[in-house]
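Per-entry structural report
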Amino acid sequence: MKTNNLLITGGAGFIGSHVVRFFVNKYREYQIFNLDELTYAGNLENLKDVEDSPNYTFIKGNINNEDFIDQLFIKYRFDGVIHLAAESHVDRSIKDPLAFVRTNVIGTINLLNAFKACWQDNFEGKRFYHISTDEVYGTLGETGLFTERTAYDPNSPYSASKASSDHFVRAYGETYGLPYVISNCSNNYGPNQFPEKLIPLFINNILNNKPLPVYGDGNYTRDWLYVIDHALAIDLVFHKGKNKETYNLGGFNEWKNIDLVTLLCKQMDDKLGKPIGTSEKLITYVKDRPGHDLRYAIDATKINKELGWGPSVTFEEGLSKTIDWYLSNEEWLNHVTSGDYQKYYLKQYS
Ligand code: NAD
Ligand code: DAU
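The structure presented is a predicted model; accordingly, all values stated were derived computationally and were not measured.

Around ligand 1, a shell composed of 29 residues is seen, among which D36, N62, S88, Y158 and K162 lie nearest. Between an oxygen atom of ligand 1 and a main-chain N or O atom of L38, the distance comes to 3.5 Å. Between N62 and ligand 1, the recorded distance is 2.8 Å, taken from a side-chain N or O atom to a nitrogen atom. When isolated, ligand 1 has an accessible area of 830 Å², and the protein chains bury 96% of it. Elements represented by at least two residues in the shell around ligand 1 include exactly α1 (14–26), β5 (127–133), α5 (157–176) and β7 (187–189).

With that settled, consider the pairing of β5. The element β5 is largely enclosed, with a buried count of seven among its seven residues. Examined bridge by bridge, strand β4 (residues 80–83) and β5 share four bridges and lie parallel to one another. What sits directly across from H83, in β5, is H130. Pairing between β5 and strand β6 (residues 180–185): six bridges, direction parallel. Bridge pairing links S132 to N184 in β6. After leaving β5, the chain enters α5 and then returns to the sheet as β6, a path that is right-handed.

Turning our eyes to something else, we now look at the site of ligand 2. The environment of ligand 2 is made up of 24 residues, and the closest members are T133, D134, Y158, R289 and H292. A distance of 2.8 Å is found between an oxygen atom of ligand 2 and a side-chain nitrogen or oxygen belonging to E135. Counting residues per element, the ones that place at least two in the shell around ligand 2 are α6 (198–207) and β8 (212–215). The residue makeup of the shell around ligand 2, split by class, is 11 nonpolar, seven polar and six charged. A domain split of the shell around ligand 2 shows at least three residues from each of domain 1 (5–189 + 223–249) and domain 2 (198–221 + 255–293 + 314–345).

When the domains of the protein are assigned, the result is domain 1 (5–189 + 223–249) and domain 2 (198–221 + 255–293 + 314–345). For domain 1 versus domain 2, the distance between C-alpha centres works out to 27 Å. Summed over both partners, the interface of domain 1 with domain 2 buries about 2,000 Å², with 55% contributed by carbon and sulfur atoms. Among the residues domain 1 hides against domain 2, the three largest losses belong to E45, Y189 and W224. Together they make up 34% of the total. At the boundary of domain 1 and domain 2, one finds one salt bridge. In this structure, R289 engages D91 in a salt bridge whose closest nitrogen and oxygen atoms are separated by 2.6 Å. Of all elements in the fold, only β3 (56–60), α3 (90–95) and β9 (221–226) reach the threshold of two or more residues within the side of domain 1 that touches domain 2. In terms of residue count, the dominant contributor to the side of domain 1 that touches domain 2 is α3 (three residues). Its residues assigned to classes, the side of domain 1 that touches domain 2 shows 10 nonpolar, eight polar and six charged.

With that settled, consider the packing of aromatic side chains. Under the defined criterion, the tally for this structure stands at 25 aromatic pairs. Measuring from ring centre to ring centre gives 5.5 Å for F33 and F78, while their planes differ by 65 degrees; the resulting arrangement is edge-to-face. Taken together, the residues F33 in strand β2 (residues 31–36) and F78 in the loop between α2 (66–76) and β4 connect sequence positions 45 residues apart. Comparing F33 with F78 shows no difference in burial state: the two are buried. Consider the rings of F115 and F123, whose centres lie 6.0 Å apart with planes at 5 degrees: the pair is stacked. F123 shares its class with F115; the two are buried. Every member of this aromatic cluster is reached through a ring pair, and the members are F33, F73, Y76, F78, F115, F123 and F128.

Definitions and cut-offs
- Residues numbered from 1 in each chain as written.
- Chains lettered and ligands numbered in written order.
- Predicted model: local features only at pLDDT ≥ 70, side-chain atom pairs only at ≥ 80, totals over all residues.
- Heavy atoms only, no water.
- Near = heavy atom within 4 Å.
- Polar contact = N/O pair within 3.5 Å; in protein donor to acceptor, adjacent residues only side chain to side chain.
- Areas by Shrake-Rupley, 256 points an atom, 1.4 Å probe, with all protein chains shown as cover.
- Helix = DSSP H or I, 4+ residues; strand = E, 2+ residues; numbered from the N terminus.
- Buried < 20%, exposed > 50% of the residue type's maximum accessible area, 1.4 Å probe, protein only.
- Pairing = 2+ DSSP bridges.
- Right-handed = clockwise from strand over helix to strand, strands pointing away.
- Nonpolar A, V, L, I, M, F, W, Y, C, P; charged D, E, K, R; others polar.
- Domains from an automatic or database assignment.
- Buried area = accessible area lost by both parts, 1.4 Å probe.
- Salt bridge = Lys/Arg side-chain N within 4 Å of Asp/Glu carboxyl O.
- Phe/Tyr/Trp six-rings, centres within 6.5 Å; stacked < 30°, edge-to-face > 60°.

Have a look at this one:
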């Protein structure tokens, strides 16, 4: 699979920015278009190092705007799409489910329709890659793993919207022959993650001596993957994944939240030169998240066997690198927490 004009949606977000950087640097012969609405989660400061690359173009726009998306496909005739743009935070979806339907479901359908109209059934050499989540499978008990054959059973408005968009992608494959791949990934962590998600929120709170709000009893389990390993997997699935297939991606790396937070506290104390135990004192148990999924764990055997992919760092290494990144990018963190990052677009592109 090769492409000429590659559209990456949501490229100013956490995972998207790593994917954009990776593709811009590796595939000089591709023209890479990053389409992003720059919601609160989109931050062009994530991409300062590639913004002047000759094979990179940023387009500010909303995937919910059907006419705009149609026109964009007419203009650029994207033959590859890697679709990451989404509302991504579970807690926000509990407060405002419709925002998740608009972007994650309708926005995805707008892209599918525009892709379909652009290529008029001549799909040879084209590919639509939908980036999804393990949360579509619902929750596991104490044992077992999610495989590609696990039935969908989403529990939050976020995961219901992602499940719905996965179904639409599959349906367009079956009904119209639209060539697609989907990957369902576990929890990512690493540089540039917005400090509303567990790891960057807690790093920021420790830096500011604020409480670390652990939901419920803290015995919820997630399977953590370093974001660069996700970008490497996306490259492989986009270029070598089989048409109409789903690939599960995970870190073979399960942690109970409380154990993860304890490790994070130890690493932070160590790096900040504080007595061990200082940050742990900030742990505060708070009201649980409604509908909180007990455990996610991915069986990533399929991508490992078919495409030779596996995580490249241990969690201890990845977490340490992540903390180092936040400690040495205080300006990024300050801009994000003060809202100043939203001025960057005006400065750079006005
Ligand atoms: P993020 O919230 O950091 O970034 C989302 C990006 O999409 C932002 O740049 C935002 O501006 C953009 N966006 C949002 N709504 C838009 C719209 N209507 N039009 C155009 N752009 C819009 O998200 P993330 O954590 O980087 O996740 C990226 C994708 O990966 C999502 O589809 C998410 O469901 C999926 N995913 C995330 C994780 C994770 O752990 N973060 C794990 C598995 C899958
Ligand atoms: O599994 C993949 C998913 O991982 C992605 O699809 C989502 O986009 C991404 O946000 C993430 O969802 P989670 O809900 O698992 O991530 P979050 O960082 O919000 O929470 C991780 C765990 O930590 C979860 O069990 C809830 C808990 N938590 C979270 C926050 C923000 C807390 O205990 N306290 C908190 O303040």
